[in-house]
Every structure is written in C-alpha cells, then in structure tokens.
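Now for the letters of each chain:
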Amino acid sequence: VRVPPRRSRAAGRTPDVPDWAASERSNHRPTVWVSQDGAQYAAVCLACPDLPCARLAESEVTADLGIETSHTPNAEACPTSAVQQSDDGLASIDGDLCIQCGVCVTRCPVGAIWTDEPGQPPMLSERSDVPIQPEVTDFAVARERLSRSLPYAACPIEPGTMIAQCEAVLYGVRRSADPGALIRALVRNALQAAGVPVQLKNMGDNSAPCEVLARTPSALLAIEIQPSRDEISGVRRLLAAAARLESRYGMARDELVPLLVLESLPNSRAGLYELLEDVESRLGLHVRVLTVAMLVAMVNNPSADVDSAIKTGWRVSRTDNTLPRDFAELTGIEGGIAPLIGIAPAK
Ligand code: SF4
Ligand code: SF4
C-alpha cells in the first residue's frame, strides 16, 4: 500500500486535470470525476485546509437574519465531532462517533465522502489514480472549479437505505448525553444545506428569543427543540419566543413562523396534537413541526424549498399530518415507512 506523503495543512491538493466535464455527486453513491477527455476517476479527498466537511465557514456562522441577537460561533458541521483532520491534511471519520446523518457527505464540495451501505458510516476516498498536484497556490479556485462541475443530485434512495439511515440517527440521538444539542446541530445543518441562514443561541443565554432562528425569504423561523416526544415543553417555549420576538424585537406576527423540532411524533393520543390546535385556534399561531427523520431527508436533498414547505407543509394536528407527504417530496419514498421513522404517530 502506498502511503501518501505528509503535507502541510495549509496546502490542500487538487486534481491535475485542466478542467472537468459535468458529473454528479449525491449522498448515496460514490462520485466519479469525469475529465474533459472522458477519463473517469473515483473522487478523492483533497485535504482541504478549511475542511468544509467538518467546519462551517465564517459566513455560515455569522448569518445575517436582520435581527440583533447574540448567537453562538460554534462552527462544527458534524453534530458529533466525528470528522477530524489527520496529520496529512485528509479528512477522517471516527466510525464510533458517527451517527450517519450524512451532513459531511453533503458538505464535501467534490464528493469525496459518500454512503452506499445501510447502517455504516460514510466512506471517504483517500486516494485514487487521479493525477494530483500536491500543492497549488490557488487551491480554493481549483476546488471551486471542480465543485461547479459536480452539481448535487438528489438521487433516488432505496427505502431500506433511508430507514437504516433514519434509525441510525435516531439511535445516535437517543444514546447521546445531550440529544438537544445534537438535534440543534442537525437543524442548523439541514436548513443551511437548503440555503437558509441560521443562528444558534448562545447556550445559557436566557435573554435569547429562542434556541434557533432562521430566515427564509418570507418568514423568520423561531425554532425550539424538544428531544423527548412525550413532553409539551417545546410548545410553551415557542409561545414565550413568539411573545419575546413581538414585544422586544418588533416582529410582526404574520412574519413569524414557530417551528417545533421533535425526535419523532408522539402517539396519536398524546396531548401535543390538541395543544397545537388550541394554540392555533385561540392564539392564531400556527406551529410547524419537524422530526429528526425530516431533517435527515433534508440533508439528503439540499434542494428543499423551505419557504414553500412552511406555507403548505410541516403541519401536524389530530386530523392532518403532512410529514409523510413532505418526506416523499424530498426522498421520493411514499407511504409505508412513515411510522417506522417517526413521521407518523405510533398507534
Ligand atoms: S472530505 Fe471533501 S471537504 Fe473534506 S477535506 Fe476531503 S475533499 Fe475537502
Ligand atoms: S455522517 Fe454525520 S455524524 Fe457521521 S461523520 Fe458525517 S457529519 Fe458526522
């Protein structure tokens, strides 16, 4: 086995091919780079100095939502810190920490990480037969050029693969010492993958309006996380957030969209559904609902249109649940798996 030479962390390396023909990357199959002369190469890790598979860029961390609040500068993309940079600059994934959420796959701009085996952490291509320039001065430009030729494709996902991925993430959330923090990172990453700017509140900052804020073209999303599906505390916190945003930040009620993020939907007799209906009919606040499986689906398909979704979907009540339909729009998977992954209430 050829051991790659050690290289400076500041360098990165780029494929030594002048330009690239169109090709595709996705969460669920290995990416192939195609050069202009038709040669094909397995995608390989470029040892990016900024490690976008694991770290958010400054512009992503300091998103401008048009509202002044303090927010955390946490820049970790992987919700469990499973992606690290090895001494030679290549990314490496700790399979014991990985919960298989797919965030790192989506964030690698050149498709060097992928998942193709249900229930297994993503794979990382370390080397292939592609000619590599060990160091280039315009690394960012060269990577951008390669990335532009690799648009993201929401390729069809086998239902079995999708179930395994959702189960792995739910298992990771349930055994986590801090499930709320893990879901918060997933919320941030799923929305950012869809091009929605997000801010997380500074932990311990009791004056912050809510746990997560996000801005779509038509709305400010006030988001609270409720890891336990059998509680209703998340709805109470959303009411407080709405009151704060209206009274202290001057937000108009019709611009505000409260969003409750649950691990999964509680059973159909839970008080949550009735409470959501009361909040809407008595207070005029229509709370949207997402679950962990919906976040996984969004990570798998970053072309999600969040602005449309909050107008027509993400709705849960005793008589209506759009999550199976919303999930099908993102993944192409219809029907039967909804109760298995927590997007339909357990009986
Ligand atoms: S896995 Fe992708 S984003 Fe991460 S260092 Fe390698 S090429 Fe860069
Ligand atoms: S799949 Fe998710 S948990 Fe696993 S390494 Fe990637 S970002 Fe981290």
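Here, the structure is the one placed above.
For the structure given in this document, a descriptive report is provided here. Here the structure is a predicted model, which means the values were calculated and not measured. (Residues numbered from 1 in each chain as written. Chains lettered and ligands numbered in written order. Predicted model: local features only at pLDDT ≥ 70, side-chain atom pairs only at ≥ 80, totals over all residues. Heavy atoms only, no water.)

A look at the environment of S81
Step number 1: Structurally, S81 is set in the loop between α1 (58-61) and β4 (83-85).
Step number 2: With 26 residues separating them along the chain, S81 and R55 place their C-alpha atoms 9.6 Å apart.
Step number 3: Excluding residues within four positions of it along the chain, S81 makes contact with E76 and L97. (Helix = DSSP H or I, 4+ residues; strand = E, 2+ residues; numbered from the N terminus. Contact = heavy atoms within 4.5 Å.)

Section: unusual backbone geometry
Step number 1: You will see that A47, though not glycine, has its phi angle at about 55 degrees, which is positive.
Step number 2: Relative to the helices and strands, A47 resides in the loop between β3 (40-42) and α1.

Details of the environment of C53
Step number 1: Looking at the element boundaries, C53 is found in the loop between β3 and α1.
Step number 2: For C53, a relative accessible area of 7% puts it in the buried group.
Step number 3: Sequence separation of C53 and S92 is 39 residues, and the distance between their C-alpha atoms is 10.0 Å.
Step number 4: If we ignore the near neighbours within four places in the chain, the residues touching C53 are A77, V83, A91, C104, R107 and I113. (Buried < 20%, exposed > 50% of the residue type's maximum accessible area, 1.4 Å probe, protein only.)

Some points on the nonpolar core
Step number 1: Within the largest apolar cluster, 80 residues are counted, with the highest numbers of intra-cluster contacts made by V187, L191, I223, V261, V306, W314 and F327.
Step number 2: With residues up to four places along the chain from it excluded, the contact list for V306 reads L191, A194, V196, T216, L221, M298 and W314.
Step number 3: Core analysis: the next-biggest nonpolar cluster, separate from the first, contains 30 residues, Y41, A54, V105 and I113 among them. (Core = buried A, V, L, I, M, F, W, Y, C linked by side-chain atoms within 4.5 Å.)

Description of the pattern of salt bridges
Step number 1: Counted by the stated rule, this structure contains 14 salt bridges.
Step number 2: For D19, the salt bridge goes to R145, with nearest N and O atoms at 3.8 Å. With D19 in the loop between β1 (14-15) and β2 (32-34) and R145 in helix α3 (residues 139-148), the pair connects residues that are 126 residues apart, well separated along the chain.
Step number 3: Residue classification places R145 among the partly exposed residues on the basis of a relative accessible area of 34%.
Step number 4: K311 is paired through a salt bridge with D307; the nearest N and O atoms lie 3.4 Å apart. In this pair, K311 and D307 are both assigned in helix α9 (residues 306-312), four residues apart and thus about one turn of the helix distant.
Step number 5: A cluster of three or more residues bridged by salt bridges with shared partners is formed by R184, E211, E224 and R237. (Salt bridge = Lys/Arg side-chain N within 4 Å of Asp/Glu carboxyl O.)

With respect to the site of ligand 1
Step number 1: With respect to spatial proximity, the complete set of residues near ligand 1 consists of C45, L46, C48, L51, P52, C53, A91, C108, P109, V110, I113 and L124.
Step number 2: Looking at the shell around ligand 1, its residues break down into twelve nonpolar, no polar and no charged. (Near = heavy atom within 4 Å. Nonpolar A, V, L, I, M, F, W, Y, C, P; charged D, E, K, R; others polar.)

Focus: the site of ligand 2
Step number 1: Taken together, 14 residues are adjacent to ligand 2, and C78, C98, C101, G102 and C104 come closest.
Step number 2: When its residues are assigned to classes, the shell around ligand 2 shows eleven nonpolar, three polar and no charged.

With respect to helix α4 (residues 159-175)
Step number 1: In this model, α4 (17 residues) spans 24 Å end to end at C-alpha, consistent with the 24 Å of a helix rising 1.5 Å per residue.
Step number 2: Among the residues of α4, those classed as buried are T161, M162, I163, A164, Q165, C166, A168, V169, L170, G172 and V173.
Step number 3: Those residues of α4 that are buried lie in contact with α5 (179-193), α8 (292-300) and α10 (323-331). (Expected span 1.5 Å × (residues − 1).)

Some remarks on the packing of aromatic side chains
Step number 1: By the definition in use, this model includes two aromatic pairs.
Step number 2: Centre to centre, the rings of W20 and W33 are 5.6 Å apart; their planes meet at 70 degrees, and the pair counts as edge-to-face. Placement of the pair is W20 in the loop between β1 and β2 and W33 in strand β2, with a sequence separation of 13 residues.
Step number 3: Summarising the aromatic geometry, the rings of W20 and Y41 are spaced 6.2 Å apart at their centres and angled 75 degrees between planes, so their arrangement reads as edge-to-face. Of this pair, W20 sits in the loop between β1 and β2 while Y41 sits in strand β3, placing them 21 residues apart in sequence. Both residues of the pair, W20 and Y41, belong to the buried class.
Step number 4: Within the aromatic cluster, the residues linked to one another by ring pairs are W20, W33 and Y41. (Phe/Tyr/Trp six-rings, centres within 6.5 Å; stacked < 30°, edge-to-face > 60°.)

Observations concerning the pairing of strand β11 (residues 220-226)
Step number 1: Of all seven residues making up β11, seven are buried, and the element is well covered by its neighbours.
Step number 2: Covered by surrounding structure in β11 are L220, A222, E224 and Q226 together with L221, I223 and I225, the residues of both alternating faces.
Step number 3: Both strand β10 (residues 212-215) and β11 contribute to a ladder of four bridges, which runs antiparallel. Looking at the pairing, A214 lines up with L221 of β11.
Step number 4: Counted along the chain from β10 to the antiparallel partner β11, the turn is four residues long.
Step number 5: Summarising the sheet, β11 and strand β12 (residues 256-262) pair through seven bridges and their orientation is parallel. Pairing of L220 across the sheet is with L256, part of β12.
Step number 6: Between β11 and its parallel partner β12, the chain crosses via helix α6 (residues 233-247), and the hand of that crossover is right-handed. (Pairing = 2+ DSSP bridges. Right-handed = clockwise from strand over helix to strand, strands pointing away.)

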